[in-house]
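Now for the letters of each chain:
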Amino acid sequence: MQNHSGEHILSGIIHGKFGFDNVGFHLSDTGFVTLDFNGVPDRDQVAEAEREANRVIYANMPIRDSYPSREELKDIEYRSKIDIDGQVRLITIGNEEETVDVCACCAPHVARTGEIGILKIMSVVNWKGGIRISMLCGRRAFEYINNEHEILTETAKILSTETVNVPELVRSRCEEVAELKTRLAAATEANILGRIRAGEADSAGCVFVSEDITAVSMKNIYNVLSERYPGYVGIFAGNDNEGYRYNAGSREKDSRELAALLREKFGAKGGGRQR
C-alpha cells in the first residue's frame, strides 16, 4: 500500500505539472515499482516531481475513496488507464486546500500520505517513446537505501577515504587502470611481434595468447603474420575454457573457406573475404 499510494502521488504530480500520462504500472513484491509515462520529462522535472511527492507525504494529507454516480462523474476530472463500464471507485489524495490527485482505482491504499514515509526514484530510462521510472516507497525504500549506504561505507573503508570522496577516487582509479591496460596491451603486442619476427610463431603462422589483447593489436599482429608466412595464418586470444577471439585468414587463399571450416569445427563466428 505504501508503494501503490506513492505511485498515485508521483503519477498525479507528473500529470498535473507536465501533462504526461501514466500508461503502465508494475508493483513488485521484490523488485522496484515501475511507472511508464507517454512523454519524456527532463531530469530537472523528474527531480522536481520527486521533491513535490515527498512534500505531499510529509504534509500527511488524507487519502479517501468515493463511489460517484455516472452523473456525478461527468463533472469530475480524474485519471484512468482504462474505460470502466461499471461503478467507478475514485481515490482522492489531498486536503481542502490542495488536491494532489484523483484517480480511478480498485486497490487498497494507506489512510494518509504520511504513512508512505518516503518516496525515492531509483532510475529513469527511455521506454517506448516515453520514460520508465523505477521507485520505492516506505519500508522497502528505507531497506534499499540502507543497503546502498552500507555498500558505500564499505567501499570507502577499502579505499581508505570518506564516503563523499568515493566517486572521484573510483573515477581516478578507473583512469589509472585504463592507462595501465593500454600500456600492457602495447607491450604485449610488441612482445608478440618480436617473437614473430624472430621466427617463433607457433605452428607455422599461428599465435596463441592468453593475455587480454585489443582488436587493433590483433589486426596488427595478423598483418605481420600474413606478410611473413604463406597460406592461412592467425592470432587466437583466450583459453579453452572461456573461448577465443581470433583474426585469421590469408593473403593468397580464400579466407571464406577458412571461416566456414572454423564455423563447422568450432562453432566460430565471423565471415571472411576472398583474399
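Overview of the structure. Since the model is a prediction, treat every value here as computed from it, not as a measurement. (Residues numbered from 1 in each chain as written. Predicted model: local features only at pLDDT ≥ 70, side-chain atom pairs only at ≥ 80, totals over all residues. Heavy atoms only, no water.)

## Observations regarding helix α2 (residues 43–58)
Item 1. For α2, which comprises 16 residues, the first-to-last C-alpha distance of 23 Å matches the rise-based estimate of 22 Å (1.5 Å per residue) to within 8%.
Item 2. Taken together, the buried positions of α2 are V46, A49, E50, E52, A53, N54, V56 and I57.
Item 3. Of the surrounding elements, those touching the buried residues of α2 are α1 (2–18), β4 (90–94), β5 (99–104) and β6 (119–127).
Item 4. At the N-terminal boundary of α2, the capping side chain belongs to D42, with an oxygen 3.1 Å from the backbone nitrogen of D44.
Item 5. The positive-phi residue at the C-terminal boundary of α2 is N60, with phi of around 55 degrees. (Helix = DSSP H or I, 4+ residues; strand = E, 2+ residues; numbered from the N terminus. Expected span 1.5 Å × (residues − 1). Buried < 20%, exposed > 50% of the residue type's maximum accessible area, 1.4 Å probe, protein only. Contact = heavy atoms within 4.5 Å. Polar contact = N/O pair within 3.5 Å; in protein donor to acceptor, adjacent residues only side chain to side chain.)

## With respect to the pairing of strand β10 (residues 243–249)
Item 1. Where strand β9 (residues 233–239) and β10 come together, seven bridges link them in antiparallel fashion. Its bridge partner lying in β10, V233 is registered against G249.
Item 2. Two successive antiparallel strands, β9 and β10, enclose a turn made up of three residues. (Pairing = 2+ DSSP bridges.)

## Notes on the packing of helix α5 (residues 166–197) against helix α6 (residues 215–228)
For any two helices packed against each other, the geometry comes down to the angle between their axes and how far apart the axes lie.
Item 1. One can describe the packing of α5 onto α6 by two numbers: an axis separation of 10 Å at closest approach and a directional angle of 10 degrees. Comparing their axes, α6 and α5 come out roughly parallel. Residues A185, E189, I192, L193, I196 and R197 of α5 form the contact with α6, whose own contacting residues are S217, N220, I221, V224, L225 and R228.
Item 2. Partitioning the contact of α5 with α6 into residue classes produces seven nonpolar, two polar and three charged. (Axes fitted to C-alpha atoms, helices over the stretch in contact; angles between N-to-C directions. Parallel < 35°, antiparallel > 145°, perpendicular 65-115°, else oblique. Nonpolar A, V, L, I, M, F, W, Y, C, P; charged D, E, K, R; others polar.)

## Comments concerning the packing of aromatic side chains
Remark: the centre distance and the inter-plane angle together describe each pair of aromatic rings, the angle taken between the planes.
Item 1. For the structure shown, the criterion picks out four aromatic pairs.
Item 2. Ring centres of F32 and Y144 lie 5.2 Å apart, and the angle between their planes is 75 degrees; on these two criteria the pair is classed as edge-to-face. Of this pair, F32 sits in the loop between β1 (22–26) and β2 (33–37) while Y144 sits in helix α4 (residues 138–159), and the two are 112 residues apart along the sequence.
Item 3. Owing to a relative accessible area of 28%, Y144 belongs among the partly exposed residues under this scheme.
Item 4. Between the aromatic rings of F236 and Y246, the centroid separation amounts to 5.8 Å while the plane-to-plane angle is 20 degrees, which identifies the pairing as stacked. In this pair, F236 is assigned in strand β9 and Y246 in strand β10, connecting sequence segments 10 residues apart.
Item 5. For Y246, a relative accessible area of 26% translates into the label partly exposed.
Item 6. These aromatic residues form a ring-pair network of at least three members: F208, F236, Y244 and Y246. (Phe/Tyr/Trp six-rings, centres within 6.5 Å; stacked < 30°, edge-to-face > 60°.)

## Things to note about α6
Item 1. Here α6 is 14 residues long and its end C-alpha atoms lie 20 Å apart, about the 20 Å a rise of 1.5 Å per residue gives.
Item 2. Buried within α6 are the following residues: S217, M218, I221, Y222, V224, L225 and S226.
Item 3. Looking at the buried residues of α6, the elements they touch are α5, β8 (206–209), β9 and β10.

## Quick notes on the side chain of R89
Item 1. Within the secondary structure, R89 sits in the loop between α3 (70–73) and β4.
Item 2. A polar contact of 3.3 Å, which involves the side chain of R89, links it to the side chain of Y67.
Item 3. Within the structure, R89 has its side chain in polar contact with the backbone oxygen of A107 (distance 2.8 Å).

## Regarding the sheet that holds β6
Item 1. Strand order across the open sheet formed by four strands is β1-β2-β7-β6, with antiparallel pairing between neighbours. The two strands at the open ends of the sheet, each matched to only one other strand, are β1 and β6. Averaged over all adjacent pairs, the angle separating strand axes in this sheet is 20 degrees, with direction ignored.
Item 2. By the bridge criterion, five bridges tie β2 to strand β7 (residues 130–137) in an arrangement that is antiparallel. Note on β7: the bridge partner recorded for L35 is I133.
Item 3. Taken strand by strand, α4 contacts β6 and β7, and its axis lies near 90 degrees from that of β7.

Remember that the coordinates give geometry; whether it matters functionally is a separate question.
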